[in-house]
Amino acid sequence: MDIWSAPELLILIAASIISFLLGLTVIQEDEKSKTNLIFTTLAWVTSVWLVVNHFALDPSFTKYSLWLSRFSVFFAVPQISSVYLLAHTLPGREVNLKKRTLYFVILTTVLV
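By convention here, each chain's residues receive numbers from 1 onward along its written sequence. Residue-level local features of this predicted model are given only where pLDDT is at least 70; pairs of side-chain atoms are given and counted only at 80 or more, and the full residue set underlies all totals for whole chains, interfaces and linings. The side-chain quantities take in all heavy atoms of the structure and omit both hydrogens and water.

1. Regarding the layout of surface pockets
Any empty space left between atoms is shown by rolling a water-sized probe over those atoms.
Line of reasoning, step 1. Both site types are read off a 1 Å grid over the protein atoms alone. A 1.4 Å probe that fits but cannot get out defines a cavity, while an open set with protein on both sides within 12 Å along at least five of seven lines defines a pocket; lining residues have an atom within 4 Å of a point. Grid points are joined across faces, edges and corners, and a volume is the space filled by probe spheres set on the points. Its boundaries defined by the atoms lining it, the largest pocket holds a volume of some 230 Å³.
Line of reasoning, step 2. In terms of lining residues, the largest pocket is bounded by 13 residues, among which Ile38, Thr41, Ser82, Leu85 and Ile106 are the most central.
Line of reasoning, step 3. Those elements giving two or more residues to the lining of the largest pocket turn out to be α2 (34–57), α3 (65–89) and α4 (99–111).
Line of reasoning, step 4. When grouped by side-chain class, the residues that make up the lining of the largest pocket number eight nonpolar, four polar and one charged. Per the convention used, a helix needs a DSSP run of H or I reaching at least four residues, while a strand needs a run of E reaching at least two, with both numbered from the N terminus. Each residue receives one of three labels: charged for Asp, Glu, Lys and Arg, nonpolar for Ala, Val, Leu, Ile, Met, Phe, Trp, Tyr, Cys and Pro, and polar for the others, Gly being one of them.

Encoded structure:
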């Protein structure tokens with residue numbers, strides 16, 4: 001089976017492009033809003049994670065599946081951090097966390 005003709009790949013490409021464009025649209029609306037910045041980060045990281053995860057689970061890439069699975073987890077960490085920060089930020093424009101907690105979230109995201 002040719003992986004480039006699979007309908008799943010077309011759906012993947014469409015979902016990634018839509019997610020990326022949604023993030024771009026949101027950040028252009030108000031560049032200074034922390035909510036928009038966090039949402040854009042979430043949308044873009046999700047776009048990359050979708051592609052990496054698709055190829056990590058594709059049987060055609062078994063030779064690289066370990067590395068692709070590691071990259072999938074690598075992109076899942078900022079995804080989870082973005083969801084956590086977005087949950088504490090919505091509906092405001094600023095992050096509603098103590099600076100110490102915010103720095104802890106950012107530091108653990110970078111270290112993992």
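2. Overview of helix α1 (residues 7–29)
Every α-helix carries 3.6 residues per turn, so stepping three or four residues along brings you back to the same face.
Line of reasoning, step 1. Multiplying 1.5 Å by the helix residue count minus one yields the expected span of that helix. End to end, α1 covers 33 Å across 23 residues, agreeing with the expected 33 Å (1.5 Å per residue, within 8%).
Line of reasoning, step 2. Looking at α1, one finds that the buried residues are Leu9, Leu12, Ser16, Ser19, Gly23, Val26 and Ile27.
Line of reasoning, step 3. Here, two residues are considered to be in contact whenever any of their heavy atoms come within 4.5 Å of each other. Next to the buried residues of α1 lie α2. Throughout, exposure labels follow a simple rule: accessible area from a 1.4 Å probe, protein chains only, divided by the maximum for the residue type, with under 20% read as buried, over 50% as exposed, and the rest as partly exposed.

3. Here's the deal with the packing of aromatic side chains
Line of reasoning, step 1. Stacked, tilted and edge-to-face pairs are distinguished by plane angle, under 30 degrees for stacked and over 60 for edge-to-face with tilted covering the rest, among Phe, Tyr and Trp rings (Trp via its six-membered ring) whose centres lie within 6.5 Å. A complete count under the given rule lists three aromatic pairs for this structure.
Line of reasoning, step 2. Note on Phe55 and Phe61: the rings are 5.0 Å apart at their centroids and 75° apart in plane angle, and the pair reads as edge-to-face.
Line of reasoning, step 3. A residue is classified by how much of its surface remains accessible, and Phe55, at 15% relative accessible area, is buried.
Line of reasoning, step 4. Ring geometry for Phe74 against Phe75: centres 5.1 Å apart, planes inclined by 80°, an arrangement best described as edge-to-face.
Line of reasoning, step 5. The rule is short: NZ of Lys or CZ of Arg within 6 Å of the ring centre and within 35 degrees of the ring normal puts a charge over the ring. When the ring centre of Trp67 is taken as origin, the NZ or CZ atom of Arg70, which lies over that ring, is 5.0 Å away.

4. A few points about the side chain of Ser19
Line of reasoning, step 1. Looking at the element boundaries, Ser19 is found in helix α1.
Line of reasoning, step 2. Ignoring anything within four residues of it in the chain, the contact list for Ser19 reads Ala43, Trp44, Thr46 and Ser47.

5. A few points about the nonpolar core
Line of reasoning, step 1. What we call a nonpolar core is a set of buried Ala, Val, Leu, Ile, Met, Phe, Trp, Tyr and Cys residues that are connected through their side-chain atoms within 4.5 Å. Ranked by size, the top nonpolar core spans seven residues in total: Ile38, Leu42, Leu85, Leu86, Leu97, Leu102 and Val105.
Line of reasoning, step 2. Contributions of two or more residues to this core are made by α2, α3 and α4.
Line of reasoning, step 3. Excluding its chain neighbours within four sequence positions, the residues that come into contact with Leu102 are Leu85, Val95 and Leu97.
Line of reasoning, step 4. Ranked by size, the runner-up nonpolar core spans five residues in total, among them Leu9, Phe55, Ala56 and Leu68.

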